[in-house]
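Architecture and fold: a report
Chain by chain, the residues run as shown.
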Amino acid sequence: MAVWDLSVTVEELGPEAPPLSISVTSDLHIGGVILKIVEMTQIKKDWSDHALWWEQKQQWLLRPAWTLDKCGIHADARLTFIPQHKPLRLGLPNGAVVRLRASFSGPLFHSIIGICRILNIRHPEELSLLRPVEEKKKKKDKEPPEQVYDLTEVPLTVDNIASLHNGMPVHFAISPETEAAYKMLSVSQPPPAPETIAKMYRPASVVDKAHIHSRWLDSSRCLMQQGIQENDKLWLRFKYYTFHELEPKYDAVRLTQLYEQARWAILLEDIDCTEEEMMLFAALQYHINKVSQSEPQAMMSSPAMDDLESALQCLEVKMEGESSCMDMLETMTTAPELHDYLKIFRPKRLTLKGYKQYWFSFKDTSISYFKSKEESIGEPIQKMDLKGCEVAGDVNVAGQKFCIKLLIPSPEGMNEVYLRCENEQQYSRWMAACRLASKGKNLADSSFTSEVENIQNFLSMQRANPGTTSAQADDNINTHSLVSPRYHKKYKTKQLTPRILESYQNVAQLSLTDGIQKFLQIWQALPDFGVSYFVVRFKGSRKDEVLGIANNRLIRIDLGVGDVVKTWRYNNMRQWNVNWDIRQVAIEFDGNVNIAFSCVTADCKIVHEYIGGYIFMSTRAREQSDILNEEMFHKLTGGHEAL
């Protein structure tokens, strides 16, 4: 075999050092090359994390048994001998920045598992990294130095379920700095200054939101392949809006960061909400901040209590399973129905002007309406199947307005229908029924009662309580830190303060954990919750449109008007394919419905990954919750790289 020289740059020798020239033969394996490099450097240290990076091909040489010939390496190859784990700066949902060591050699999905292990966040599959959006900067402004919490000393081999020391995972107890970092991660931050909110990037339109979603990194490729260098800054965010098994006892960091992401989505108007909802969000933020300053974080109980609690939980699941079987037997004989007088309004139909009262019947997943109760024996005026429809509430408790907005799929597009209820009780029942029907569930479903209760709790929080004593005026609420800039312009502080305090009376008794969970619950009930937007061009169309991807459906949105044109549910999806040559996504649904589109603002790999990711999330079962099936995630999201 002919001997030839291979050029290798070694990071440890410094930036000015010339590359090493190593005499090799084509049948020498990668492990042998590394051995020669280490011998030539004459530096005594642990080299176990080092590997070879092939610059021209943008790939790592991670198989030590492969020969240079098998890897396709010749004398013109430029190789670099560098660590696989390097420091990375991560902007967290709460705005803080941590510096930690992340894997630059494995697929991004694997790197995120390692990052979440260090940060003590369960279910890393729900998170991902994206390139940051630049903040607005004025020339005069001198940027204060960024505070960075350094976690680079934390060992990379921390346990999945970290053992505890004084209520925090052991790997955070190594120094006062890491303890401070854990406090920052697990305790919600005080409300931001109004100037901070004003300075941050706010998406002004759906197109702006689509540009943010185009910044997600590819889960199948490593950080080096995506141009990320040591000490670069990325954002760590919850990407998939399906939060599996939120347990306050184990998920202090996860809950806090999720709350922070929700709070910033509200403050930066990333998601729309009504005025009443904004006042309730403000009151909950005020309460959470107040309680988190006074209430010490009681993280976990004793191991014996944990064992008892988990045993009780298993028993509860078992009992639930048995009762659901009984429920199924009951529902086979009697499926519940709803009947009542409601008012209906159809904006696009000229036959109905304004709201008109009819007798309504809710059966299975369909609503029928008749002229009167007496005529309900005969044929209905219309029957509407709500499976796959969009459901949104339009409520003003003070003004006694209780409306349900329905967007019902039809061959021509989405039909808009408004139902008006008389009172809270009626609204709670019908709204819960509509939400379940949209998911293909009927009134016999075990979640119907809890859905009704959740809606009633939410309405009770918006109710004014004139009898309760007002909070102290000297509390000095900084209202502009609690509401989005739209309300800074609309109201003065003295107008906002009494309204926020009024809502605060309804939540003042909640514990810190309950307050955060209530905030997340209301956020998840917003009509636009969890929708990620992309500008696309549908096959056969001459104009750009918006595709919204949610945890259970795809939404086609008119770019000009912002109206929902059509909705497709994942549970009706047969298959989806990507033509990687022309970068086009094609999806087939039940009933011979086929759609195809190309992406305008993002790579079609991001859209493919979103759809595959949500389908993966729906496969997670309670029994397997501790075992993450990386291979399955990669198959569903990897595209041609997974083949």
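Described below are features of the structure shown in this document. (Residues numbered from 1 in each chain as written. Predicted model: local features only at pLDDT ≥ 70, side-chain atom pairs only at ≥ 80, totals over all residues. Heavy atoms only, no water.)

Concerning the sheet that holds strand S2 (residues 20-24)
Selection rule: A pair of strands is labelled paired if DSSP reports no fewer than 2 bridges between them. Here a strand is any run of E in DSSP of at least two residues, a helix any run of H or I of at least four, and the numbering for each starts at the N terminus. Note on geometry: axes are C-alpha line fits, over the in-contact stretch for helices, and angles between N-to-C directions span 0 to 180 degrees. Throughout, a contact is declared for two residues whenever any of their heavy atoms are within 4.5 Å.
The 5 strands are arranged S2-S1-S5-S3-S4 in an open sheet whose pairing can be described as mixed. For this open sheet the edge positions go to S2 and strand S4 (59-61), each flanked by a neighbour on one side alone. Each strand of the sheet is rotated relative to its neighbour by a mean of 40°, with strand direction disregarded. Relative to strand S5 (residues 78-83), strand S3 (residues 50-54) is paired through 5 bridges, and the arrangement is antiparallel. Pairing of Leu52 across the sheet is with Phe81, part of S5. Its contacts with the sheet put helix H1 (residues 30-41) on strand S1 (4-10), S2, S3, S4 and S5, and the angle it makes with S2 is roughly 135°.

Quick notes on the pattern of salt bridges
Put simply, the rule reads: Salt bridge, as applied in this entry: a Lys or Arg side-chain nitrogen positioned within 4 Å of an Asp or Glu carboxyl oxygen. Throughout, exposure labels follow a simple rule: accessible area from a 1.4 Å probe, protein chains only, divided by the maximum for the residue type, with under 20% read as buried, over 50% as exposed, and the rest as partly exposed.
According to the stated counting rule, one finds 28 salt bridges in the structure shown. Put simply, Lys605 and Asp218 hold a salt bridge, and the shortest N to O gap is 3.0 Å. Of this pair, Lys605 sits in helix H15 (residues 604-618) while Asp218 sits in the loop between helix H6 (206-213) and strand S12 (233-238), and the two are 387 residues apart along the sequence. Classification of Lys605 by relative accessible area gives buried; the value is 5%. Across the pair Glu588 and Arg574 runs a salt bridge whose closest N-O atoms are separated by 3.6 Å. Taken together, the residues span a long stretch of sequence, with Glu588 in strand S25 (residues 584-589) and Arg574 in strand S24 (residues 573-579) at a distance of 14 residues. The class for Arg574 is exposed, based on a relative accessible area of 53%. One salt-bridge network, in which partners are shared between bridges, spans Arg122, Glu125, Glu126, Asp251, Arg254 and Arg620.

Brief notes about the packing of aromatic side chains
Inclusion rule: Here a pair means two rings of Phe, Tyr or Trp (six-membered ring of Trp) with centres within 6.5 Å. Their orientation is stacked below 30 degrees between planes, edge-to-face above 60, and tilted elsewhere. When the NZ atom of lysine or the CZ atom of arginine is within 6 Å of a ring's centre and also within 35 degrees of its normal, the charge is said to sit over that ring.
Per the stated rule, a full pass over the model turns up 31 aromatic pairs. With a centroid separation of 5.0 Å and 70° between ring planes, the pair formed by Tyr286 and Tyr504 is classed as edge-to-face. On the criterion of sequence distance, the pair formed by Tyr286 in helix H8 (residues 275-294) and Tyr504 in helix H13 (residues 493-507) is long-range, its members being 218 residues apart. Assessed through its relative accessible area of 10%, Tyr286 is described here as buried. Residue Tyr504 is classed as buried on the basis of its relative accessible area of 8%. Ring geometry for Phe616 and Phe633: centres 5.3 Å apart, planes at 90°, overall edge-to-face. Here Phe633 lies in helix H16 (residues 630-637) and Phe616 lies in helix H15, a separation of 17 residues in the sequence. One aromatic cluster is present, formed by Phe238, Tyr241, Phe243, Trp523 and Phe529 through successive ring pairs. The ring of Tyr610 has Lys239 sitting right over it, with the charged end atom 4.9 Å from the ring centre. Above the ring of Tyr355, the side-chain terminus of Arg420 is found at 5.6 Å from the ring centroid.

Examining the nonpolar core
Test applied: Here, nonpolar core refers to any group of buried Ala, Val, Leu, Ile, Met, Phe, Trp, Tyr and Cys residues whose side-chain atoms link them within 4.5 Å.
The biggest cluster of nonpolar side chains holds 117 residues, and the ones touching the most others in it are Leu119, Leu129, Trp523, Ile549, Leu554, Ile587 and Phe597. If you tally residues by element for this core, the top one is H8, at 10 residues. Those residues in contact with Trp523, other than ones at most four positions away along the chain, are Tyr241, Phe243, Leu258, Ala262, Ala265, Ile266, Ile271, Phe281 and Phe529. With 34 residues, the next largest nonpolar core counts Leu386, Cys389, Ile408 and Ala433 among its residues.

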